[in-house]
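Each chain, written out:
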Amino acid sequence: MSLTPTLDPISIEVQWNRLISVMDEVDIAVIRTAFSTIVGESRDFAVIMLDRLGRSLAQSQLSSPAFTVTLPATTKAVLKHFPVETLELGDVLITNDPWLGSGHLPDLSIVAPVFYKGQVVAFMGCVAHVADIGGRLDYFDARDLFEEGLRIPPSKLFIAGKPNTQLFRIIEANVRVPDMVIGDIRAIVGAEQLGAQRLHEFLDDHGGGDGFAALTEEILDRSEAAMRNALRRMPDGEWRYALDADGFRTPLHIEVKVTKTGDKIHADFTGSSDQFKDASINCVPNNTFADTYYPLKCSLTPELPNNEGLFRPLTVFAPEGSAFNTTMPSAVKSRSKSSFHIHVAIYGALAQAIPQVVQAGSGSFWAITLHGTHPDDNSVFNVHILPNGGKGATARMDGLPTIAFPYNGTVTPTEITENQAPILVEHKKLVMDSGGAGLFRGGLGQSIALRVLGDRPIIASIRPDKVRFPPPGILGGLPGAKGAYAINGKEVPVEPRNVSPGDVYTLVLPGGGGYGDPHQRPIESVAADVRNGYVSPGVAGRDYGVLVDEKSGTVRRVPQDSEVVR
Amino acid sequence: MTSRKNFRLGFDIGGTFTDFVLIDEETGRTWLNKCLTTPHDPSQGVMEGLGPLFAQASVKGENVGIAIHATTLITNALIERKGARTAFLTTAGFRDVPEMGTEVRYDIYDLFLAKPDPLVPRNRRYEVSERLDKNGQVLTPLDEASLRDVARALRADKAEALAIVFLHSFRNGAHERRARDILHEALPGMSICISSEVAPEIREYERMTTTMANAYVQPLTREYIDIVERGLKEMGYARRLYLMMSSGGITTGQTARDFPIRMVESGPTAGVLAAIYFGRNMGLDSMVSFDMGGTTAKIGMIKKGQATKSNMIEVGRVDRFKKGSGIPVKIPMVELIEIGAGGGSIAHIDQLGLLKVGPRSAGAMPGPACYGRGGADPTVTDANVVLGYLDPNYFLGGAMTLDVRAAHEVFEAKVCKPLGMSLNDAARGVFEVVNQNMLAAMKVHIAERGEDPRKFYLFSFGGAGPAHAYELARALQMRGVVVPPGAGATSAMGLVTTAVSFDFARSLVSRLDKIAWSDVRGVFESMTKDGLAVLAEAGIAADAPGVSIVHAMDLRHKGQGHEVTVPIPEMAFKKGSMTDLAQLFYDAHREKYGHAHTNLAVELITCRTTVSAPPPAVPLIHIPAGAGGAAAALKGKRQVYFSEVGAYLDTPVYDRYKLAPNVRFAGPAIIEERECTAVAGPSAQVWIDDFGSLYMDIPPRKPNSAEGVMNDVANANA
């Protein structure tokens, strides 16, 4: 290969594709070697390649979306503490500071410089949600960050190839499942090492550090231009939307004003709730930005490989001290209780501008953590199950039932859960009528019932959402059904609790919102939904104006203005 | 006409063509035939193709000792949703699991992401009260009385097939068996499949989809095998029909009737088996197989004479080339990755102004622009014509003349103009981009196996494979490329050279240090017994020479999310020491990922057993020696582009059929045969072995600067 890089559209395509495949290899290495279910099975991580300035270039194709937006910011912040010129071969950097990282302590950002001919040319980065980071077991009740666990300021996890033993010991001493957490950290570092090797081979083939720098600019500039083009095709304007979400003790109010001018777009969250003093649901600016960017990326440039160039046309403002720009040391552990509603607000605002590519609100995931000692052998178990509600409907299709959005991850199979924790899953099923009515129906949510087995209580922590305020419909669609939870049929406050042997914890996850006027939904689709038990005959009549006689199988539409009795 | 009975017949019904191969087991002489597939009644095409084949070889049906069949029937039934009206019965509370799935999105930015509909709609999914715990102990007995209601509903539903999947049934199949027996008695005509037989592995969603898929294709497979067997009988072949399994073994019609889902993708699998057969004869026991045709490229791996296997495949994908968009099926598979890259793959410019190739393909109709059948899009084959890889006058041995001007025109209009580049740069671009697409997939695949490509040859076949193989092998720093003789008909050879064999898997979840070896051995022994029964079905005694029984365990560090399949050597199996088994896991994990955590306990998830007969001893024919060396095969010279040097070189063109054993020459070179053209780059050392296989050796690259890698970081003790 020649030393002067030739960056025609073909070389860029070929080299860029290769960088993505490097990250896919790193991703596989993480998955295959990770210890915790949250990383290994739930995929709550991202692996990203960054340039020497900490700008993101390439990520694995299944990287968790929000992390891919926060890590470049994290890397730049960490490099302020450890300037790139001071890094040594074999250094690995780490932080979980929420304000620098992805907004709460369990997310470790781990970044390793890649050296080439004595110079740092790039970084291999990973953000992963580890199984435990110490602190309180509950999800919401911390009064400040210090109650939420171990905070690791920007630090060297490895120094010139040697582990920072003290830091490892501090982590080990502060988490409930040190084998898992340290196992995951090592899996990540090992995977990044593989990525460094692969990037090395790439640099040998494609003009070394200079070639890489030139490629970086091309990737970022072309991506930015593509996003700007997409924005130009959208009408200019200013759109507002407001919604309320559960919050914790008090609801969270979200207000957004989206302004689009030419090839720029700005989101302003002024008017949203102040930061919470009594609930761990505050968002750092990195989160607010990431969750504002995500719906735009999905709507405007879904096929393009993700990188920092696509972020550039977006600016975001939230007043300091608000729930979306919280200040140290606010409690943030369950910040996705707030951040996961941002896309709903953005789509609500953009529904008038780009109705073909917006989506109604989704049920999203609830975190369930089961912790205790196993009656079989007294070993400690810590199992995460991340079930999902239904997805919001879009202009082209019904929402899918029980699928991750906006986060992405795999639910832990029942048989795996039962093998790891003394739990019997009594049912896991779709909830009839939970999908919001619409021209396109919202996806159904699910109900899960967990019975505790054995001779001792276990600690169950859950993080529900959309129990007070359901996922909204869009453009005339109705909201999905709200969630609910109960122990032995009785409503309980959300806090980690000892659940005794024989007790049954039931969780009902919300359905997705509908899209468009339900009365426009084809009568055959409504009838099929009734036949399959997705919609009851009563709701078919009430929400869709379609009368279905289950016995005779006849269906007819009721004139819209007539009174339908359930 | 001979009276011998040792001819082997293989036939592979593909989407477009049915391929036949007949081989004389004694001499290795082969006869080939190809005819159009007759989708309405595939057996008709078979009978039509067999006549000429038998005539050509002067044999009759009764001379055939064994007939082996591969088919796309199952794959297509799943894609086209043409299977049986299937119902599903599961533990109360879980009928929605097949629809809920893993809850993950396979594309994180696609708002309109679609998932395949479950094979059984919700209104045909039934529940029954029963429950086992994780150890297979009964918590709730099977409600036998309520099964009568289920039977009634199934009858009213006109269900033709039923899949029964209960939680934890891989530990104890009693409830599933009892439910099957009761329902079978009530509905004797219905196909009933139970998960403890079809896929006794942990993870209920995948076990459900697998059992459902098996039930879904069972009625049509049964009928189909009957028809084919009858047809063969009419042709004078009265013995048993054997079928190619996705796991790379062949098995009897009876086993295939019971587990039809195990035949999915059996055709492409045969290609890998052919590679194993050639490799065995050529003394190459480890290779990467690369089969590139018109629409897709398929890549497999062979290690120590065995195809690497996986335990899952997706069927009926919504988006053919998107992993995760299909229905998961847990069966032992020869692992093949399929990439949307073939001769017909279409080049286009994307939103970023970059050149993309595929996965859309011009297919056979209209085909690439140079076919002159109205193809209006630039394809890989068109690029290969521009670059000099293909001779427009010797396509399919001259049976078809390629329209070079048409190729130039579509390139000018659809690539050169929008990108402002020359024709040659545009064509080079298409070649490089499609290669990179394949390389990315190959690298990830090889990485998933924890292997180093530098150890392997690339065994290349299919219409387009040998033209692209050199560049792929060079980029991966592989040893070189091997193109077998008759690279256009390689796959069918896999059918007639493969052994009877069957794979079993059964989950048994426990820490190794908390379970007695006798319990584990019991599981292996029961699978071995079943395997020997499959061999007995095929008339092979358990103590016949060469029968092999191979055991493996899926193991992981306790708490880890995924398992590693660890083969258990015979000695270790005999000894049955749990400590030794744990050590085998640590070693395997270290080999694959560079580290292991010996302080953590090892957890067993699944036991696996493969029972195989020895492969048939079919000789590979030596090609005759020739005089005159390479010069005798030289057809001429033409200008050919090579990425390696970034220029067109005046390149000699050889006639493959005139290259004799031990002929050697240096690249660059073009070697032409009827069905394909091999391209050897400037650094290739080309030679021919005794069987007529073409080698393109690639000298190893100088080791590059290894600095910058964090040595041992992951292994260092904290």
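The structure presented is a predicted model; accordingly, all values stated were derived computationally and were not measured.

### A short note on the overall build of chain A
- Broken down by element type, chain A carries 12 helices and 22 strands.
- For chain A, the C-alpha radius of gyration of 24 Å lies close to 24 Å, the compact-globule estimate for 566 residues.
- Across its three principal axes, chain A shows a C-alpha extent of roughly 75 × 60 × 40 Å.
- When each of the 566 residues of chain A is scored for burial, the buried share is 64%.
- Taking contacts inside chain A between residues at least 6 apart in sequence as the whole, the part at least 24 apart equals 74%.

### Comments concerning the overall build of chain B
- When its secondary structure is counted, chain B shows 17 helices and 35 strands.
- Along the first, second and third principal axes, the C-alpha set of chain B runs to 80 × 75 × 55 Å.
- Taking all 718 residues of chain B together, the buried fraction comes to 55%.

### What to know about the sheet that holds strand S12 (residues 250–252) of chain B
Residues and elements named next belong to chain B.
- Overall, mixed pairing links the 6 strands, which are arranged S3-S2-S1-S4-S11-S12 in an open sheet. The outermost strands of the open sheet, each flanked by one partner alone, are strand S3 (30–36) and S12. Ignoring strand direction, the axes of neighbouring strands in this sheet form an average angle of 25°.
- Its contacts with the sheet put helix H1 (residues 42–57) on strand S1 (7–13), strand S2 (17–24) and S3, and the angle it makes with S3 is roughly 145°.

### Let's talk about the environment of Ile254(A)
Residues and elements named next belong to chain A.
- The residue Ile 254 is located in strand S9 (residues 252–261) in this model.
- Overall, the presence of 23 C-beta atoms within 10 Å leaves Ile 254 in the buried class.
- Taking C-alpha positions, Ile 254 is 7.3 Å from Gly 271, a pair spaced 17 residues apart along the chain.
- For Ile 254, the contacting residues outside a window of four places in its chain are Ala 242, Leu 243, Ala 245, Ser 272, His 341 and Ala 345.

### A short note on unusual backbone geometry
- Going from Phe405(A) to Pro406(A), the amide bond is cis rather than trans, its omega being 0°.
- Position of Pro406(A) relative to the elements: it lies in the loop between strand S13 (380–385) and helix H10 (414–420).
- In this model, Gly667(B) is joined to Pro668(B) through a cis peptide bond whose omega is 0°.
- Its location among the elements puts Pro668(B) in the loop between strand S31 (664–666) and strand S32 (669–672).
- Of note, His168(B) is a non-glycine position whose phi angle comes to about 60°, a positive value.
- As for its placement among the helices and strands, His168(B) is situated in the loop between strand S9 (161–165) and helix H5 (174–186).

### What to know about the interface of chain A and chain B
- Taken together, the contact between chain A and chain B spans 90 residues of the former and 70 residues of the latter.
- With 15 residues, helix H1 (residues 9–33) of chain A is the largest single contributor of residues to the side of chain A that touches chain B.
- Among the residues forming the side of chain A that touches chain B, the class breakdown is 39 nonpolar, 28 polar and 23 charged.

### As for the domain arrangement of chain B
Residue and element names in this part refer to chain B.
- Its domain assignment divides chain B into domain 1 (7–78 + 225–263), domain 2 (79–222), domain 3 (345–433), domain 4 (502–612) and domain 5 (629–689).
- Placing the centre of domain 1 and that of domain 4 at their C-alpha centroids yields a distance of 34 Å.
- The interface is formed by 6 residues belonging to domain 1 together with 6 residues belonging to domain 4.
- Of the residues in the side of domain 1 that touches domain 4, the class split is no nonpolar, 6 polar and no charged.

### Some points on the pairing of strand S20 (residues 504–508) of chain A
Residue and element names in this part refer to chain A.
- As paired elements, strand S15 (residues 446–452) and S20 share 5 bridges and run antiparallel to each other. Across the sheet, Ile 448 pairs through a bridge with Leu 507, a residue of S20.
- Taken together, the 4 bridges between strand S17 (residues 484–487) and S20 define a ladder with antiparallel strand orientation. What sits directly across from Ala 486, in S20, is Thr 506.

### Topic: the domain arrangement of chain A
All names here are of chain A.
- In terms of domains, chain A is made up of domain 1 (9–224) and domain 2 (359–521).
- A straight line from the C-alpha centre of domain 1 to that of domain 2 covers 30 Å.
- Tallied by class, residues from the side of domain 1 that touches domain 2 come to 7 nonpolar, 3 polar and 7 charged.

### Remarks on the pairing of strand S8 (residues 237–245) of chain A
All names here are of chain A.
- Taken together, the 9 bridges between S8 and S9 define a ladder with antiparallel strand orientation. Following the sheet pairing, Arg 240 is matched in S9 by Lys 257.
- Count of turn residues in the S8/S9 antiparallel hairpin: 6 residues, of which Gly 247 carries a positive phi of about 60°.

### Section: the sheet that holds strand S5 (residues 119–129) of chain A
Residue and element names in this part refer to chain A.
- If you walk across this open sheet you meet the 7 strands as S2-S1-S5-S4-S3-S6-S7, and the pairing is antiparallel. Strands at the two margins of the open sheet, each flanked by one partner only, are strand S2 (56–59) and strand S7 (162–163).
- Sheet topology places strand S3 (residues 92–95) next to strand S6 (residues 155–159); 3 bridges connect them, and they run antiparallel. Residue Ile 94 lies in a different strand from S6, and its bridge partner there is Ser 155.
- Along the sheet, helix H5 (residues 178–205) contacts strand S1 (45–51), S3, strand S4 (107–116), S5 and S6; its crossing angle with S4, the most-contacted strand, is approximately 30°.

### Notes on H5(A)
- Spanning 28 residues, H5(A) covers 41 Å between terminal C-alpha atoms, matching the ideal 40 Å at 1.5 Å per step.
- Counting buried residues in H5(A) gives 22 out of 28 residues, a clear majority hidden from the surface.

### A word on the confidence of the model for chain B
Residues and elements named next belong to chain B.
- On average, residues of chain B score 90 in pLDDT, and 97% of them reach the 70 mark or higher.
- Every residue in residues 705–718 scores below 50 in pLDDT, and together they form 39 contacts with partners more than four places removed in sequence or on other chains.
- Our summary of model confidence lists the complex with pTM equal to 0.91 and ipTM equal to 0.92.

### Describing the nonpolar core
- Formed by 347 residues in total, the largest nonpolar core has its most connected members in Val30(A), Leu162(B), Val430(B) and Leu458(B).
- Beyond its immediate sequence surroundings of up to four residues, Leu162(B) is in contact with Thr86(B), Ala87(B), Leu89(B), Leu154(B), Leu183(B), Met190(B), Ile192(B) and Ala215(B).
- Counting residues in hydrophobic clusters, the runner-up holds 45 residues, among them Leu507(A), Leu509(A), Ala527(A) and Val530(A).

### Some words on helix H11 (residues 404–419) of chain B
All names here are of chain B.
- Under the 1.5 Å per step criterion, the end-to-end length of H11 is 21 Å for 16 residues, consistent within 8% with the ideal 22 Å.
- At Glu 412, H11 shows its maximal kink, close to 45°.
- Where H11 is concerned, the buried positions are Ala 406, Ala 407, His 408, Val 410, Phe 411, Val 415 and Cys 416.
- Packing partners of the buried residues in H11 comprise strand S21 (345–349), strand S22 (355–361), helix H10 (380–386) and helix H12 (423–448).
- Positive backbone phi, approximately 60°, marks Gly 420, located one or two places after H11.

Rules used throughout
- Residues numbered from 1 in each chain as written.
- Chains lettered and ligands numbered in written order.
- Predicted model: local features only at pLDDT ≥ 70, side-chain atom pairs only at ≥ 80, totals over all residues.
- Helix = DSSP H or I, 4+ residues; strand = E, 2+ residues; numbered from the N terminus.
- Rg over C-alpha atoms; globule rule 2.2 N^0.38 Å.
- Buried ≥ 20, exposed ≤ 12 C-beta atoms within 10 Å, placed from the backbone.
- Contact = placed C-beta atoms within 7 Å.
- Pairing = 2+ DSSP bridges.
- Axes fitted to C-alpha atoms, helices over the stretch in contact; angles between N-to-C directions.
- Nonpolar A, V, L, I, M, F, W, Y, C, P; charged D, E, K, R; others polar.
- Domains from an automatic or database assignment.
- Expected span 1.5 Å × (residues − 1).
- pLDDT = per-residue confidence, 0-100.
- Core = buried A, V, L, I, M, F, W, Y, C linked by C-beta atoms within 7 Å.
- Bend = angle between axes of the 7 residues up to and from the residue.

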